[in-house]
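# Observations on the model geometry
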Amino acid sequence: MATVIDRVSQTGREVAGSPAGGDRRRRRRLSGWHFVLLPVAVLFLVPFLQMALASFSPAKELLAFPPPFIPSHFTVDGYVKLFAETDILLWLRNTVIVAATAIVSNIVLCSLAGYGFARLKFAGRNVGFIVILATIMIPTQLLMIPTYILFAKLGLLNGLGAAIVPWLATAFGIFLMRQFFLSLPSELEEAGAIDGCNRWQIFFRIVLPLATPAIASFAIFQFIWVWNDLLVALIFSGGTQDVAPLTQRLAEMVGSRGQEWERLTAGAFISIIIPLAVFFGLQRYFVRGLLAGSTKG
């Protein structure tokens, strides 16, 4: 068993580590696509840059039309008012709790389900997987009323549980993990079984370490979805101040406090800092995780 696990650990480090020397040399070369993609990247970057500059702009310039791209002078009044007059730290805490719980539960549940559909032989496996995939095609809005009624009967409304439960597992996560597990060579699992590993040991000590790129990619998707969610939090958490996430409170600033643009722009900029940090921290796994399961169906 130790031999197989050591070999798997070495393979996992190669998968999750830095690119090989040849790939690094190819990355340094410029091609025609760089000159095409660079203007597109700049085009997508401009709105984020404008929002960042607006969060440091004076209030009178935020109300000007058209607003200046670069403020006449930089000020942190918006951030001072945001932290002094609102409970933004509480909103951030609620959002982090929901997002972290959703990521952990999805990694555990979707990995187990994906491995089961990829490797275990049981009656109705293909039918069950198709049924799970079919749920992706159902619009979320159609499920809101029955879900609300169910949560009301379970006593989950107006609490963090109402914002967490809908994100515990997703059909997309099961699909992504299944496709990745199908791309792994079954010989590794057979070698582990020969060395005396049971199914759980094979999954947690051999298969799961190799799934780091897929898990990281899925974690990025899930974090961004949950962090930016407004509909689920608005319907199921209601108007309870203690459990409101950041997106809900920012949306309320637009509705009832539409002229307090200093706080709104500062809050909007803060709301994108953490997702950007998560993405840049895991970006080396992102493309590998998406492409790793594309070779088998």
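Report on the accompanying structure. (Residues numbered from 1 in each chain as written. Predicted model: local features only at pLDDT ≥ 70, side-chain atom pairs only at ≥ 80, totals over all residues. Heavy atoms only, no water.)

## Topic: the pattern of salt bridges
For the record, the criterion: Salt bridge criterion: a side-chain nitrogen from Lys or Arg within 4 Å of a carboxyl oxygen from Asp or Glu. By definition, any uninterrupted DSSP run of H or I lasting at least four residues is a helix, any uninterrupted run of E lasting at least two residues is a strand, and each is numbered from the N terminus. Accessible area is worked out with a 1.4 Å probe on protein chains only. A residue is then buried under 20% of its type maximum, exposed over 50%, and partly exposed in between.
Applying the stated criterion to the full structure yields four salt bridges. Across the pair E85 and R263 runs a salt bridge, and its minimum N-O distance is 2.9 Å. Of this pair, E85 sits in helix α5 (residues 77-85) while R263 sits in helix α16 (residues 261-292), and the two are 178 residues apart along the sequence. On the basis of relative accessibility, which here comes to 5%, the residue R263 falls in the buried class. One network of salt bridges, in which partners are shared, links R119, E189 and R199.

## Topic: the packing of helix α6 (residues 88-119) against helix α12 (residues 199-210)
As a reminder, the rule being used: Fitted lines through C-alpha atoms give the axes, limited to the stretch in contact for helices. The angle between two N-to-C directions lies from 0 to 180 degrees. Orientation categories follow fixed angle ranges, with anything under 35 degrees roughly parallel, anything over 145 roughly antiparallel, 65 to 115 roughly perpendicular, and all other angles oblique. Working rule for contacts: check all heavy atoms of both residues, and any pair within 4.5 Å makes them a contact. When residue character is reported, Ala, Val, Leu, Ile, Met, Phe, Trp, Tyr, Cys and Pro are called nonpolar, Asp, Glu, Lys and Arg charged, and the others, Gly included, polar.
Axis separation between α6 and α12 bottoms out at 12 Å; the angle between their running directions is 105 degrees. Here α12 runs roughly perpendicular to α6, going by the angle between their axes. In this structure, α6 uses S111, L112, Y115 and R119 to contact α12, whose residues at the interface are R199, W200, I202, F203, V207 and L208. Here the residues of the contact of α6 with α12 are counted per class, giving seven nonpolar, one polar and two charged.

## Here's the deal with a nonpolar patch on the surface
Here is the rule we go by: Residues form patches when they are more than 30% accessible in relative terms and have no salt bridge. Like charges link within 9 Å. Nonpolar side chains (Val, Leu, Ile, Met, Phe, Trp, Tyr) link within 5 Å. Note on areas: Shrake-Rupley with a 1.4 Å probe; residue coverage comes only from the protein chains shown.
On the surface, L38, V42, L45, V46, F48, L49, F69, I70 and F74 cluster together into a nonpolar patch covering about 860 Å² of accessible area. As for its position among the elements, F69 is in the loop between α4 (59-62) and α5. The partly exposed category is assigned to F69, whose relative accessible area is 34%.

## Regarding the packing of α12 against helix α13 (residues 212-227)
At a minimum axis separation of 5 Å, α12 and α13 run at an interaxial angle of 65 degrees. Residues L208, P209 and L210 of α12 touch α13, and the partners they reach there are T212, P213 and I215. In terms of residue class, the contact of α12 with α13 is made up of five nonpolar, one polar and no charged.

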